[in-house]
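Descriptive analysis of the structure
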Amino acid sequence: MRSTLAGPRVLLRRLREVMAEPINAQERLDKIVVLIAANVVAEVCSVYILRADGVLELYATEGLNRDAVHKTSLKVGEGLVGLIAADARPLNLPNAQAHPAFAYRPETGEEAYNSFLGVPILRAGRTLGVLVVQNQSHRTYFEDEVEALQTTAMVIAEMVAAGELEAIVQQGTKLDLSRPMHFQGVALSDGVGLGHVVLHEPRVVVTNLIAEDATAELERLERSINRLRISLDDLLNSGDFAQHGEHREVLEAYRMFAHDRGWIRKIEEAINNGLTAEAAVEKVQSDTRARMMRQTDPYLRERLHDLDDLAHRLIRELMGRQHGPVSESLPQDAVIVARNMGAAELLDYGRDRIRAIALEEGGPTSHVTIVARALGIAAVGLAENLVSLAESGDAVIVDGESGQIHLRPPSDIENAYAEKVRFRARRQAQYRRLRNKPSITRDGVEVSLQLNAGLLVDLPAVSESGASGVGLFRTELQFMVASAFPRMSEQRDYYRQVLDAAGGRPVTFRTLDIGGDKVLPYLRAIQEENPAMGWRAIRFGLDRPGILRTQIRALLHAAAGRDLKMMFPMVTDVSEFHQAKAVLDREIRHLRRHGHQVPERMQLGVMIEVPSLLYQLDELFQAVDFASIGSNDLFQFFAAVDRGNTRVADRFDTMSPAFLRALKHIVDKADSYRTPVTLCGEIAGRPLEAMALAALGYRNLSMSASALGPVKAMVRSLDLARLSVRFLPRLDQPGGTGNLREFLRGFAQDNDTAL
């Protein structure tokens with residue numbers, strides 16, 4: 001027995017005519033089911049649409065009782081229709097009533113029908129409904145009939161996505177595509193952002209679904225695939241990816257998929273059934289995503305991201321669109337949604353329009369997070385599947401305090417968060433009133449609070465927050481946002497602007513810390529197995545003395561006649577400090593020899609980020625003028641925890657007794673040599689952790705601008721002597737991190753310390 005189908009292309013041509021008619025949504029759906037029933041020679045064709053409450057509602061039918069439309073419903077997982085929605089895959093049965101999942105609905109009159117074919121209505125792998133045909137005869141539907149239904153389901157999916165069915169939604173119900181969704185992620189940057197979704201890598205919306213000429217579409221596909229393959233080959237053969245490493249492995253996976261005949265054959269089959277090339281790619285990828293999203297194997301889930309990216313690249317190639325973020329015409333309340341993004345990419349957007357960022361990946365100490373904190377942008381990470389479930393323009397709330405994301409929030413949640421934003425504004429106003437108040441504890445101990453910065457846009461916050469200076473200026477951010485390596489004169493002018501903007505307050509410049517996960521787009525990247533422990537920071541500077549010399553010369557020119565504080569990052573051995581100091585001394589001699597003015601006063605220090613320095617502190621503090629602790633990297637190496645690895649980044653706590661003992665050892669040794677030491681990692685900006693640091697003996701803390709108000713409020717309400725007497729003995733007691741945090745919270749509550 002052969003197929004009764006008149007031909008998928010004939011069906012699609014007729015569908016296109018129906019879609020062009022000036023009729024309402026219900027009439028259009030009614031015509032579609034009649035058309036399908038006639039084309040497949042089926043006695044029944046029905047469309048079920050998924051509602052926000054997880055119920056599939058009958059929206060149109062040909063062959064069943066029409067009075068059942070908008071009255072008959074099944075839950076996801078209930079009956080054959082519910083099973084298709086749950087599994088997101090077709091179901092083809094010669095005897096439907098014998099299937100254990102069969103559910104009889106008497107109001108429909110479907111008991112007379114035996115054969116059953118149902119396909120999910122999918123968009124980006126998300127189930128929006130189910131399309132069904134039935135016959136009285138016992139038969140298995142042919143492959144081209146399944147294809148025809150799947151193609152029609154794409155058309156219906158676009159009707160749903162375009163909002164066309166909203167006009168016929170029954171009172172009191174909502175469609176699933178518009179249903180509110182909640183994600184519990186990880187808080188990355190404090191704040192609350194209410195706005196509308198802007199996809200960092202926006203999906204290209206395919207509106208031209210139905211092809212006029214299959215041969216021409218196949219030729220377009222072949223040309224685009226060839227261009228895609230060539231671009232991937234060029235990338236893999238370029239110097240940047242010549243070595244082994246994670247980036248190369250990703251591109252190798254892309255190339256493997258781009259040459260996979262099975263994947264391409266499925267796309268070609270969809271084109272032969274009447275779809276345009278880009279619609280065929282979208283259909284095949286949506287089917288693949290629907291299946292792979294239900295896999296628990298993390299490797300397969302990761303490959304899904306690779307396939308998604310490759311499919312999007314191919315669609316862009318077919319439609320002549322550029323690959324990459326679109327930052328033009330941002331709404332005034334943009335919330336950037338991305339799988340992940342770099343710090344420089346965030347800076348490409350207009351800061352005044354961004355309310356928050358929401359990431360599927362990202363970690364508390366990743367560089368995009370650090371930049372978000374510096375800019376005062378709320379951020380949440382580890383929100384699984386957010387990108388595929390969000391649509392551009394969706395209303396969204398990002399809570400950088402609790403790590404929650406509310407997509408398409410209901411009005412009561414939106415109102416509650418609007419009040420929360422107003423409350424935060426009032427609280428920030430209270431913090432601003434502390435701006436000119438000294439950062440002194442209740443028992444008279446001064447704890448200097450400074451800012452971490454890296455861009456000129458950060459500098460107004462110095463005076464606005466009442467900070468005593470800039471404890472860490474990350475000079476690499478200027479390099480990361482530039483399109484080419486900044487010349488000495490550009491660096492000099494930039495550093496001069498930084499010093500001017502600081503208004504006489506001290507600024508501690510950290511020399512270039514690139515390498516590892518901070519890659520400059522114009523500098524050849526060296527692929528390493530463990531980049532965080534590889535060729536980076538001072539190691540890079542000493543091996544490329546021309547780059548280090550240029551930066552030091554720019555800093556000396558910029559600070560001529562003023563004070564200059566400069567420190568070297570990632571020092572592992574004190575000898576590296578002496579080598580870097582020798583470069584500085586040579587530059588000073590060079591400037592003086594040629595009659596240039598040099599800084600009035602020089603202070604030279606190091607970042608303590610590598611545990612080996614803990615066993616060289618006597619030698620170190622005799623050599624340097626000051627030191628700063630980069631607690632992010634120090635803890636990463638101390639606990640052997642990759643801060644960019646979301647599986648382990650939160651496994652260990654910076655408030656562990658072992659790590660706090662190491663921090664106390666550093667500050668005690670610094671005090672014995674009368675060497676100032678500042679802690680400028682992320683823990684300095686959290687009031688609870690800052691309490692512990694003050695108890696350990698730290699009197700200089702550097703943090704993001706948004707953290708300074710809460711930390712100052714804590715300091716001014718703290719009885720430090722009482723805390724130190726009770727807290728320090730606990731470092732040597734068993735019980736671990738939880739007990740220390742619990743103790744600090746209890747102390748704060750009992751002693752009216754603001755947290």
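The structure contained in this document is the topic of the report that follows.

Criteria and cut-off values
- Residues numbered from 1 in each chain as written.
- Predicted model: local features only at pLDDT ≥ 70, side-chain atom pairs only at ≥ 80, totals over all residues.
- Heavy atoms only, no water.
- Helix = DSSP H or I, 4+ residues; strand = E, 2+ residues; numbered from the N terminus.
- Expected span 1.5 Å × (residues − 1).
- Buried < 20%, exposed > 50% of the residue type's maximum accessible area, 1.4 Å probe, protein only.
- Arc of directions from axis to C-beta.
- Pairing = 2+ DSSP bridges.
- Axes fitted to C-alpha atoms, helices over the stretch in contact; angles between N-to-C directions.
- Core = buried A, V, L, I, M, F, W, Y, C linked by side-chain atoms within 4.5 Å.
- Contact = heavy atoms within 4.5 Å.
- Phe/Tyr/Trp six-rings, centres within 6.5 Å; stacked < 30°, edge-to-face > 60°.
- Parallel < 35°, antiparallel > 145°, perpendicular 65-115°, else oblique.
- Left-handed = near helix turned anticlockwise from the far one by under 90°.
- Nonpolar A, V, L, I, M, F, W, Y, C, P; charged D, E, K, R; others polar.
- Salt bridge = Lys/Arg side-chain N within 4 Å of Asp/Glu carboxyl O.
- Right-handed = clockwise from strand over helix to strand, strands pointing away.

Things to note about helix α16 (residues 488-501)
The end-to-end C-alpha distance of α16, which contains 14 residues, comes to 20 Å, matching closely the 20 Å that a straight helix rising 1.5 Å per residue would cover. Listing the buried residues of α16 in full gives Gln491, Tyr494, Tyr495, Val498 and Leu499. Seen from one end, α16 has its buried residues packed into an arc of 135 degrees, which puts them on one side. Within two residues after α16, Gly503 carries a phi angle of roughly 60 degrees, on the positive side.

Thoughts on the sheet that holds strand β5 (residues 115-123)
With antiparallel pairing, 6 strands are arranged side by side in an open sheet as β3-β2-β1-β6-β5-β4. Each edge of the open sheet carries a strand with a single partner, namely β3 (73-75) and β4 (91-93). The mean angle between the axes of side-by-side strands here comes to 20 degrees, regardless of whether they run parallel or antiparallel. With 3 bridges joining them, β4 and β5 adopt antiparallel strand pairing.

Quick notes on the nonpolar core
In terms of nonpolar packing, the biggest core is built from 114 residues, with Ile608, Leu663, Ile666, Tyr698, Leu701, Leu723 and Phe727 touching the most fellow members. Looking at this core, the element that brings in the most residues is helix α23 (residues 687-696), giving 8 residues. If we skip the residues at most four places from it in the chain, Phe727 touches Leu660, Ala692, Ala695, Leu696, Leu740, Phe743 and Leu744. Core analysis: the second largest hydrophobic core is formed by 66 residues, Ala25, Val133, Val146 and Leu314 among them.

Some words on the sheet that holds strand β14 (residues 404-407)
On the basis of which strands lie adjacent, the open sheet formed by 8 strands has the order β7-β14-β13-β9-β10-β11-β12-β8 and mixed pairing. Every other strand in the sheet has two partners, leaving β7 (181-184) and β8 (186-189) as the edge strands with one partner each. Averaged over neighbouring strand pairs, the angle between their axes works out to 30 degrees when direction is ignored. Sheet topology note: the β8/strand β12 (residues 378-381) ladder contains 3 bridges and is antiparallel. Opposite Ser189, over in β12, you have Ala379 as the bridge partner. Lying over the sheet, helix α13 (residues 411-433) contacts β9 (192-199), β13 (395-399) and β14, oriented at roughly 120 degrees with respect to β9.

Brief notes about unusual backbone geometry
The phi torsion at Asn385 lies on the positive side, around 65 degrees, for a residue other than glycine. According to the relative accessible area criterion, Asn385 is buried, its value standing at 15%.

Points about the environment of Val81
Along the chain, Val81 falls in helix α3 (residues 79-87). Since its relative accessible area comes to 6%, Val81 is described here as buried. Note: C-alpha distance between Val81 and Gly118 (37 residues apart in sequence) is 7.1 Å. With sequence-adjacent residues up to four places away left out, Val81 is seen in contact with Tyr48, Leu56, Leu74, Phe116, Val130 and Val132.

Observations concerning the packing of aromatic side chains
Centre-to-centre distance and the angle between the planes together describe a pair of aromatic rings. Enumeration over the complete set of coordinates arrives at 11 aromatic pairs. Relative to Tyr495, the ring of Tyr494 lies with its centre 6.0 Å away and its plane at 65 degrees, an arrangement referred to as edge-to-face. Of the residues examined, Tyr495 reaches a relative accessible area of 0% and is grouped as buried. Taking the centre distance of 5.0 Å and the plane angle of 70 degrees together, the rings of Phe635 and Phe659 count as edge-to-face. Pair noted here: Phe635 is in helix α21 (residues 631-638) and Phe659 is in helix α22 (residues 657-672), with a separation of 24 residues, a long-range link. Each member of the pair, Phe635 as well as Phe659, carries the same accessibility label: buried.

Points about the packing of helix α18 (residues 545-558) against helix α19 (residues 574-593)
What describes two packed helices is the angle between their axes and the distance between those same axes. In contact at an axis separation of 10 Å, α18 and α19 are set at 55 degrees when each is read in the N-to-C sense. Between α18 and α19, the crossing angle belongs to the class labelled oblique. When you trace α18 past α19, the crossing you get is right-handed. From α18, Leu548, Arg549, Ile552, Arg553, Leu556 and His557 reach across to α19, where they touch Ala580, Val583, Leu584, Glu587, Ile588, His590 and Leu591. Of the residues that constitute the contact of α18 with α19, the class distribution is 8 nonpolar, 2 polar and 3 charged.

Observations concerning the packing of α16 against α18
Between α16 and α18, whose axes approach to 8 Å, the crossing angle comes to 45 degrees. Judged on the interaxial angle alone, α18 and α16 are oblique. Like other packed secondary-structure pairs, α16 and α18 cross with a definite hand, here right-handed. Each of Met488, Gln491, Arg492, Tyr495, Arg496 and Leu499 in α16 lies in contact with α18, whose residues at this interface are Thr550, Gln551, Arg553, Ala554, Leu555, His557 and Ala558. Partitioned by chemical class, the residues of the contact of α16 with α18 number 6 nonpolar, 4 polar and 3 charged.

Details of the pattern of salt bridges
Summed over all chains, the structure comprises 32 salt bridges. The closest approach of N and O atoms between Arg123 and Glu391, which form a salt bridge, is 2.6 Å. Separated by 268 residues along the polypeptide, Arg123 in strand β5 and Glu391 in the loop between α12 (386-389) and β13 bring together distant segments of the chain. In the salt-bridge network here, residues are joined through shared partners; they are Glu476, Arg510, Asp513, Arg536 and Asp633.

Brief notes about the pairing of strand β15 (residues 448-453)
Among the 6 residues in β15, 6 count as buried, and that is most of the element. Here β15 pairs with strand β22 (residues 700-703) via 4 bridges, running parallel. Within β22, the residue paired with Gln450 across the bridge is Ser702. Note that β15 and strand β16 (residues 470-474) share 3 bridges and pair parallel. Paired with Leu451 across the strands is Val470, a residue of β16. Between the parallel pair β15 and β16, the chain is carried across by helix α14 (residues 460-465), and the sense of this crossover is right-handed.

Concerning the environment of Arg126
Take Arg126: it is sitting in strand β6 (residues 126-135). The exposure class of Arg126 is buried, given its relative accessible area of 8%. When the C-alpha atoms of Arg126 and Ala157 are compared, they prove to be 9.8 Å apart, with 31 residues separating the residues in sequence. Not counting chain neighbours up to four residues away, the residues in contact with Arg126 comprise Ile121, Asp176, Leu177, Arg179, Met181, Leu389 and Arg408.

Comments concerning α19
Given a rise of 1.5 Å per residue, 20 residues ought to cover 28 Å, and the 29 Å separating the end C-alpha atoms of α19 matches this to within 8%. Within the sequence span of α19, burial applies to Val574, Glu576, Phe577, Ala580, Val583, Leu584, Glu587, Ile588 and Leu591. The buried residues of α19 occupy an angular sector of 165 degrees when projected down its axis, which confines them to one face. In α19, the exposed positions angled more than 90 degrees off the buried face are occupied by Arg592 and Arg593. Where α19 is buried, its residues touch α17 (537-543), α18, β18 (563-568), β19 (601-608) and α20 (617-623). Once α19 finishes, Gly595 follows within two positions and takes phi at roughly 80 degrees, a positive value.

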